[in-house]
Amino acid sequence: MRIWEIDAWRSLALCFMIFFHILVDLRDLFLYPIDYHQGFWRFTGVFAAVSFILVSGVSSTFSHSPVRHGLRILLAAAAVSAGTWWWDPDTYVRFGILHLLGVSMLSAASLKRFSPFLVAALSLGSAVLPVFLPATASNPWLLPFGITPPIFATLDYYPLFPWYGLFAAGHLVGRILYAEQRSLLPQPSGCSQFLWLGQHTLAIYLLHQPLLVALLTLLHK
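*Asks:* How should the pattern of salt bridges be read in this particular structure?
*Replies:* Between side chains of opposite charge, pairing is possible as soon as their charged atoms come close. This structure, assessed with the given rule, holds 3 salt bridges. The shortest N-O distance in the salt bridge between arginine 10 and aspartate 7 comes to 3.0 Å. In this pair, arginine 10 and aspartate 7 both sit in helix 1 (residues 4–30), 3 residues apart, roughly one turn of the helix. The same class applies to arginine 10 as to aspartate 7, namely buried. A salt bridge links arginine 182 to glutamate 180; the shortest N-O distance between them is 2.9 Å. Overlapping salt bridges, with partners in common, bring together Arg2, Asp7 and Arg10 in one network.

*Asks:* Even after reading the chapter, I still don't get a nonpolar patch on the surface, so can you show me in this structure?
*Replies:* On the surface, Leu29, Trp85, Trp86, Trp87 and Leu155 cluster together into a nonpolar patch covering about 660 Å² of accessible area. The element best represented in the nonpolar patch is helix 3 (residues 66–87), accounting for 3 residues. For leucine 29, the position within the fold is in helix 1.

*Asks:* Which parts of the structure should I look at to understand the packing of aromatic side chains?
*Replies:* Enumeration over the complete set of coordinates arrives at 12 aromatic pairs. Ring geometry for phenylalanine 16 versus phenylalanine 47: centroids 4.6 Å apart, planes at 50°, classification tilted. With phenylalanine 16 in helix 1 and phenylalanine 47 in helix 2 (residues 39–59), this pair connects stretches of sequence that are 31 residues apart. The class of phenylalanine 16 is partly exposed, set by a relative accessible area of 22%. Among the aromatic residues, ring-to-ring pairing joins Phe16, Phe19, Phe40, Trp41, Phe43 and Phe47 into one connected group. Over the ring of tyrosine 92 we find arginine 94, and its NZ or CZ is 4.3 Å from the ring centre.

*Asks:* What exactly am I supposed to notice about the side chain of serine 104 here?
*Replies:* Secondary-structure assignment places serine 104 in helix 4 (residues 97–106). A distance of 2.7 Å separates a polar side-chain atom of serine 104 from the backbone oxygen of leucine 100. Every residue in contact with serine 104, bar those within four places of it in the chain, is listed here: Leu160, Tyr164 and Phe167.

*Asks:* I would appreciate a short explanation of the packing of helix 3 against helix 9 (residues 201–219) in the present structure.
*Replies:* A packed helix pair is summarised by two numbers, namely the angle formed by the two axes and the spacing between the axes. At a minimum axis separation of 10 Å, helix 3 and helix 9 run at an interaxial angle of 15°. Looking at the two axes, helix 3 sits roughly parallel to helix 9. By crossing handedness, the relation of helix 3 to helix 9 is classed as left-handed. Residue-level inspection shows Arg72, Ala76, Val80 and Trp87 of helix 3 in contact with helix 9, the latter providing Leu202, Leu206 and Val213.

*Asks:* Help me understand the state of the cysteines in this model?
*Replies:* Disulfide: a covalent bond formed between the sulfur atoms of two cysteine residues. One pass over the structure, following the stated rule, counts 0 disulfides. Not part of a disulfide, cysteine 15 finds its nearest cysteine sulfur in cysteine 191, a span of 13 Å. A relative accessible area of 34% means that cysteine 15 is categorised as partly exposed.

*Asks:* Honestly, the environment of serine 138 in this entry has me stumped. Any pointers?
*Replies:* Of note, serine 138 is situated in the loop between helix 6 (116–128) and helix 7 (160–177). Once the C-alpha coordinates of serine 138 and alanine 203 are considered, the two residues, 65 residues apart in sequence, prove to be 35 Å apart.

*Asks:* Even after reading the chapter, I still don't get helix 7, so can you show me in this structure?
*Replies:* Structurally, the α-helix is built with 3.6 residues per turn, so residues lying three or four positions apart point the same way. With 18 residues, helix 7 extends 25 Å from end C-alpha to end C-alpha; this agrees with the ideal 26 Å at 1.5 Å per step. Among all positions of helix 7, only Leu160, Tyr164, Gly165, Phe167, Ala168, Gly170, His171, Leu172 and Gly174 are buried.

*Asks:* Help me out: how do you make sense of the nonpolar core in this one?
*Replies:* Across soluble globular proteins, nonpolar side chains show a tendency to be buried alongside one another. Core analysis: the biggest nonpolar cluster contains 28 residues, and Phe52, Ile53, Ile97 and Leu98 have the highest contact counts within it. Secondary-structure elements contributing two or more residues to this core are helix 1, helix 2, helix 3, helix 4, helix 5 (108–113), helix 7 and helix 9. Not counting chain neighbours up to four residues away, the residues in contact with isoleucine 97 comprise Ala49, Phe52, Ile53, Asp156, Tyr158 and Tyr205. Counting residues in each nonpolar core, the second largest holds 6 residues, with Ile6, Val58, Phe62 and Tyr178 among its members.

*Asks:* Would you mind showing me how to read the confidence of the model for the protein chain here?
*Replies:* Detail in the predicted coordinates should be disregarded across regions flagged by low pLDDT. Residue-level pLDDT values for the protein chain average 95, and 100% of them are 70 or greater. For the protein chain, per-element mean pLDDT is lowest for helix 5, which scores 94, and highest for helix 4, which scores 98.

Reading the values: the criteria
- Residues numbered from 1 in each chain as written.
- Predicted model: local features only at pLDDT ≥ 70, side-chain atom pairs only at ≥ 80, totals over all residues.
- Heavy atoms only, no water.
- Salt bridge = Lys/Arg side-chain N within 4 Å of Asp/Glu carboxyl O.
- Helix = DSSP H or I, 4+ residues; strand = E, 2+ residues; numbered from the N terminus.
- Buried < 20%, exposed > 50% of the residue type's maximum accessible area, 1.4 Å probe, protein only.
- Patch = residues over 30% accessible without salt bridge, like charges linked within 9 Å, V, L, I, M, F, W, Y side chains within 5 Å.
- Areas by Shrake-Rupley, 256 points an atom, 1.4 Å probe, with all protein chains shown as cover.
- Phe/Tyr/Trp six-rings, centres within 6.5 Å; stacked < 30°, edge-to-face > 60°.
- Lys NZ or Arg CZ within 6 Å of the ring centre and 35° of its normal.
- Polar contact = N/O pair within 3.5 Å; in protein donor to acceptor, adjacent residues only side chain to side chain.
- Contact = heavy atoms within 4.5 Å.
- Axes fitted to C-alpha atoms, helices over the stretch in contact; angles between N-to-C directions.
- Parallel < 35°, antiparallel > 145°, perpendicular 65-115°, else oblique.
- Left-handed = near helix turned anticlockwise from the far one by under 90°.
- Disulfide = S-S within 2.5 Å.
- Expected span 1.5 Å × (residues − 1).
- Core = buried A, V, L, I, M, F, W, Y, C linked by side-chain atoms within 4.5 Å.
- pLDDT = per-residue confidence, 0-100.

See below:
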């Protein structure tokens, strides 16, 4: 049984993400004077990313095969890395949001065995750990932990610290609010098409950017 409000949350996050990426493409590819690093434009991207991480944590409490799900996300993450390396080897995605979600989902089975207090402590610890870690190091294998080389550029970067803390927080919310694994609110009528987006998040995530670039390129010819 699907939780409709979780699908709605994913759908809304997808809409914000697509809108944000349109802004990014217009600025970076077609030189529109849009500063997507500030104000509401930045909020759309932050809202989408935070939502995806939180909702993934919530959903991890429902999954009966989190390892398989995590591996599937990591396979998609590898495709993103390969595609962005082909597009631009200097800024390709080394550890983006899909890498974070895939690794985090692999830990879901262990999180389920932890007490809520321990999950909360893990969430808080992951969030504050970057304060005590060096910001840079020459070893590129430290990238997943939030420690980058001195010269580093990438299209998408969501290291485990602090972002795993948000996933763990979502997991804790899922265990508390969805202990019975059913919707908390009655589903409104006429929203099935909107919910469809949230039921196919990964496919839409992988396909939307190439389609956006192709469409915007056609419109600017």
